[in-house]
Each structure stands twice: as C-alpha cells, then as structure tokens.
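Next come the chains, spelled out residue by residue.
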Amino acid sequence: MTFAAPPRGRAQPRRTGTVRTAPLAKRAAGYFAEDAAAPSVRLQLNALQALCRQAFAVRLTLIAIGAPFAMANATDGPPRYGVLAAAVLGVMGSYAMLRDWDRFAPRLLAHPTLMAVDLIFGAILLLTASPASPLAYAAVCTPLLSGLLYGWRGSGIFTGLQLVVLLTVFRAWEHRPGTGASTLLIAGFCIAAGIIGVTLRNLMFHFGTASQALAEANSRLAVAEAVESERARLAREMHDSVAKTLHGLALAAEALAVSADHATDPRGLKDQAATVASAARRAAAESRDVLTDLRHHTALSSPPTDLRTELTARMEDFESRTGIRAALAYRAAPTLVLPPGAHHQLLAILSEALENTHRHATGVTGVEVTLEVEVEVEADASTLHLTVRDDGTGTSVSLDDVQQLAKSGHFGLLGMLERATSIGAGIQLRRGGHGGTEVKVNLPLRTSGTPLPAPPSLTPQEEAAHA
C-alpha cells in the first residue's frame, strides 16, 4: 500500500505556522483504507493494529533473547560488530513500532522495503545464531506481520523471502545435527503465520462490513418504529380532539342547512349559526394545540399541571356542552406527583370516557368522576384510581372487543388502552355495581412520590394498528 502524492500542476495550499493533525482514529482508518469496504470500521482497525503491535512485542522479546547466541557464535572483529549492529537495529525497530505505532505505521505501510530491510537484519542474526536458537522463531513474525499489513500479495512475497533466508541458514548449518528438522519446522511456521495474518486481516474487515450493515439496518428499523409510534400518537390526539369537534361541527352545519330551508325563526337560525361558529373555533383551537404539541412534545420538560384544576375544567366544559350533570370527587394530595406524561394521558382518557358517555350511553342523567390514591404502607407504594361512572343502562362492550371496534373504524377504546399502557397503568371497562358504565384507570405510584418503572410500551405493530 502506498500513499499517493499530490498530482503535479495543481495549486497546493500554502502551509502556515499552524500544523493541522487529524485525530488518531481518523488517521488509523487511512492505514487500511484500500481494504476497508465500509467507510467506518474503527473497532476492527483498532483490533488489527493491536495484533500488529503484539507481534512486534513478541519479535522484540525473541530478538533480545536470541541476540546473545548470535554474539557468541560471531568471530571477533567486523563480524561481531555487524551482528551487534543488526541486533540493536532489530530491537530498536520493534520497540519503535510498539511504542509509537501511530507515527511509524504509516511509513511502514507506505514503504514495504522497510520490512525487507528489517528482514535482512534478522537474517544476519539467524545466520550467525543457527536455526535452533530463539531467533528462528522471531523469523515467524515477519510473515505474520506482512499478512496483517499488506494482504495476500505482501504475505506471499515476504514469506518467500523468509524461506530463502531459512534455506541459506540451513546450508550454513547443515553440518550440525538437527538443523534440517529445525529449519523445516520454522519454515512450516512461517507459511502458517503468513496465512493466519491474511486470514485475520480479511476477517476483521469482513466483520466490520457486516457490523456496519447491521447497525444501518437497526437504525432504519428504529426510525421506522419511531415513525409508526408517532403516527399512532398523532392519531390518538386527532381522534380525541379535532375529529370529535369536526363531527359535531358537521352535525350543527347540517341542522343549520335544514333550518334554513324552513326559515321561520331568525333567532333560531342565529343561535345555530353561533353554534357552528363556536364549534369551528373550538376545532381551530384543538388543531393549534395538536400542532403545538407536535413541536414541543417532551413530557420531561413540560411545566407541571394542576390535575385537580384540569379535571374540574373538563367536567364543567362537558356539563355546559351536553347538559349532563357532572360531579368530581378528588381524594388525593393537592401536589400529586405523577410519572412524566401521566397528567396528559389521564386527562385524555377522562375526555374520551365522557365523550363516549355523551354519544353512546342511553338514559344518562349524571356522571361521577372519582380520583383517589390508595396507599399500601407495607409495600411502600400506592395506586392512583381514576374512575368515570355514569347512571345509564350500562354497556355490553368490553376491552376484548377493542380490535374488532378498531377494524370497524371506532378507535376510542383502543386509544384509551394505548394511553393507559404508555404510562404503566391498567384500565377496566365494565358495568357499574348500581347500573351504568364504569371506566377505571389504575396507575401504580411510590409513596414518596417517585413513580414506579413503567412496563414496556406497546409494540410498533400494536401502535400502528391505531394509525
């Protein structure tokens, strides 16, 4: 691998006194850029570079142990000095690569001849020390490093050169018993080390590519799940606010159109027109609330809500719009601390339950809403109960019918169930003990005010069913 020089003829940026250096991780990626199929495989590159440094550490140790054998066999004079110089340069080169890899590794990759020079130093030591010395095992590190650094081509070239060195050493020491077996063993180790180095290199990069593909797939899946979840939330908000108001607006407009055909009471027409205008303003306000919530949807940063005041306001609004008597029984601390987002979800469930009473219940004259906190001293926990009970004839619908109702276009109960699940609460729908319909939400709390951990929310498939 070589680093390409800037093409001639192009204007090069002028260097100033400030030297810009890339981060180490970014520079490390450039070491093996030609083999990296993925743009970012930092973890695999770091592991591969760690293997190279470990190989240099082993080589440094073996040279330090085997150098005395070479010195002992060298004759006095220039041969001894040559062996000493080869040992010192070999140790210094391995130590430099181990100590300052980020500085010297790019040069070693850009100039493979440096590895060849180092191989010559090792050949001098091995030729003097004999194939039976520890220096023979230091020769195995060269094919391994060439496979890790240069791939198949570099591994083949340096393994071949190392085998030539071993053959030369064998010719010089063939008179000693066991030289042939030692040389053959080291040659086999060199071939195996070259194959192992290339295999590890390829495995690292292939694993990096697969890891990046998996990460990208997980990212796309997370985005899809987030979109489905947000669509389901928006569908609940639209169903529980704007959709109902627009339905009432349509009914009022139809009544106004019928009255206009038989216009005998101008005052009645005026009242009906005022009703239509009021419904339109209410729909606009609810749409604005939904849009505001979309831009600032963060339960943790929203200001605290006075739950009692909000419950009272919704009860009064329901009573003024429908003429059905509404009563609130609030049996909890004024500063009730709830899980993030629980205020909004409880109020939305209340509004949906009241609207269902108005639209679907028969024989209703009054609605009673109860909010109380049941304390369990032994368990150091408490449970909030929000109950909406009317005095009508009751209902035969249960929560088991939610999916069937959703398929037929009725999403109210499904929205209530999803809202309760999102805050870790349970919800019940049943006939009241004294007649009518009762909707009850049970939200676990801690006595100290810190909410209990909420169970896992609905799956994306369940969320998407509402959307």
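The preceding data block contains the structure.
Computed from a predicted structure; not experimentally measured.

Draft legend 1. Region of the structure containing the packing of helix 3 (residues 78-99) against helix 4 (residues 101-110). Between helix 3 and helix 4, whose axes approach to 6 Å, the crossing angle comes to 115 degrees. Contacts between helix 3 and helix 4 involve Ala96, Met97 and Arg99 from the former and Trp101, Phe104, Ala105 and Leu108 from the latter. Class assignment for the residues of the contact of helix 3 with helix 4 results in six nonpolar, no polar and one charged.

Draft legend 2. Region of the structure containing helix 7 (residues 141-173). The terminal C-alpha atoms of helix 7 lie 22 Å apart, and with 33 residues this falls more than 12% below the ideal 48 Å at 1.5 Å per residue. At tyrosine 150, helix 7 shows its maximal bend, which comes to roughly 145 degrees.

Draft legend 3. Spotlight on the pattern of salt bridges. Under the defined criterion, the tally for this structure stands at seven salt bridges. Measuring nitrogen to oxygen at the nearest pair gives 4.0 Å for the salt bridge that ties arginine 389 to glutamate 368. Of this pair, arginine 389 sits in strand 3 (residues 381-390) while glutamate 368 sits in strand 2 (residues 366-376), placing them 21 residues apart in sequence. Overall, arginine 389 belongs to the partly exposed group, its relative accessible area being 28%. Using a relative accessible area of 36% as the deciding quantity, one classes glutamate 368 as partly exposed. In this structure, the salt-bridge partner of glutamate 438 is arginine 430, at a minimum N-O distance of 2.8 Å.

Draft legend 4. Broad picture of the environment of threonine 199. Summarising the element assignment, threonine 199 is placed in helix 8 (residues 179-261). Separated by 51 residues in the primary sequence, threonine 199 and leucine 148 place their C-alpha atoms 8.3 Å from one another.

Draft legend 5. Structural detail: the pairing of strand 2. In this sheet, strand 2 lies alongside strand 1 (residues 325-331) in parallel orientation, the contact comprising seven bridges. Bridge pairing in strand 2 places alanine 327 opposite glutamate 368. Handedness of the crossover joining strand 1 and strand 2 through helix 11 (residues 342-360): left-handed. As defined by bridge partners, strand 2 adjoins strand 3 across ten bridges and the pair is classed as antiparallel. Across the sheet, valine 367 pairs through a bridge with aspartate 390, a residue of strand 3.

Draft legend 6. Local environment of the environment of leucine 386. The residue leucine 386 is located in strand 3 in this model. For the pair leucine 386 and leucine 347, spaced 39 residues apart in the sequence, the C-alpha separation amounts to 9.9 Å.

Draft legend 7. Spotlight on the packing of aromatic side chains. Scanning all chains against the criterion turns up two aromatic pairs. Considering the side-chain rings of tyrosine 137 and phenylalanine 189, the 6.4 Å spacing of their centres and the 40 degrees angle between planes classify their relative orientation as tilted. Within this pair, whereas tyrosine 137 is found in helix 6 (residues 135-138), its partner phenylalanine 189 is found in helix 8, the two being separated by 52 residues in sequence. Take tyrosine 137: its relative accessible area is 38%, and that puts it in the partly exposed class.

Draft legend 8. Quick look at the nonpolar core. Trp101, Leu108, Met115, Leu125, Leu135, Leu149 and Tyr150 are the most contacted members of the largest nonpolar core, which totals 42 residues. Among the secondary structure elements, those contributing two or more residues to this core are helix 2 (42-73), helix 3, helix 4, helix 5 (113-129), helix 6, helix 7 and helix 8. Ranked by size, the runner-up nonpolar core spans 34 residues in total, among them Ile349, Ala353, Leu386 and Ile427.

Draft legend 9. Molecular detail of helix 3. With 22 residues, helix 3 ought to run about 32 Å at 1.5 Å a step, and its terminal C-alpha atoms sit 31 Å apart, in line with that. Those residues of helix 3 that sit buried are Val83, Ala86, Ala87, Gly90, Ser94 and Met97. Taken around the axis of helix 3, the buried residues stretch over an arc of 110 degrees, which confines them to a single face. Exposed and facing more than 90 degrees away from the buried side of helix 3 are Pro78, Tyr81, Met92 and Arg99.

Draft legend 10. Layout of the environment of leucine 148. Structurally, leucine 148 can be placed in helix 7. Separated by 47 residues in the primary sequence, leucine 148 and isoleucine 195 have C-alpha atoms spaced 9.5 Å apart.

Rules and cut-offs
Residues numbered from 1 in each chain as written. Predicted model: local features only at pLDDT ≥ 70, side-chain atom pairs only at ≥ 80, totals over all residues. Heavy atoms only, no water. Axes fitted to C-alpha atoms, helices over the stretch in contact; angles between N-to-C directions. Helix = DSSP H or I, 4+ residues; strand = E, 2+ residues; numbered from the N terminus. Contact = heavy atoms within 4.5 Å. Nonpolar A, V, L, I, M, F, W, Y, C, P; charged D, E, K, R; others polar. Expected span 1.5 Å × (residues − 1). Bend = angle between axes of the 7 residues up to and from the residue. Salt bridge = Lys/Arg side-chain N within 4 Å of Asp/Glu carboxyl O. Buried < 20%, exposed > 50% of the residue type's maximum accessible area, 1.4 Å probe, protein only. Pairing = 2+ DSSP bridges. Right-handed = clockwise from strand over helix to strand, strands pointing away. Phe/Tyr/Trp six-rings, centres within 6.5 Å; stacked < 30°, edge-to-face > 60°. Core = buried A, V, L, I, M, F, W, Y, C linked by side-chain atoms within 4.5 Å. Arc of directions from axis to C-beta.

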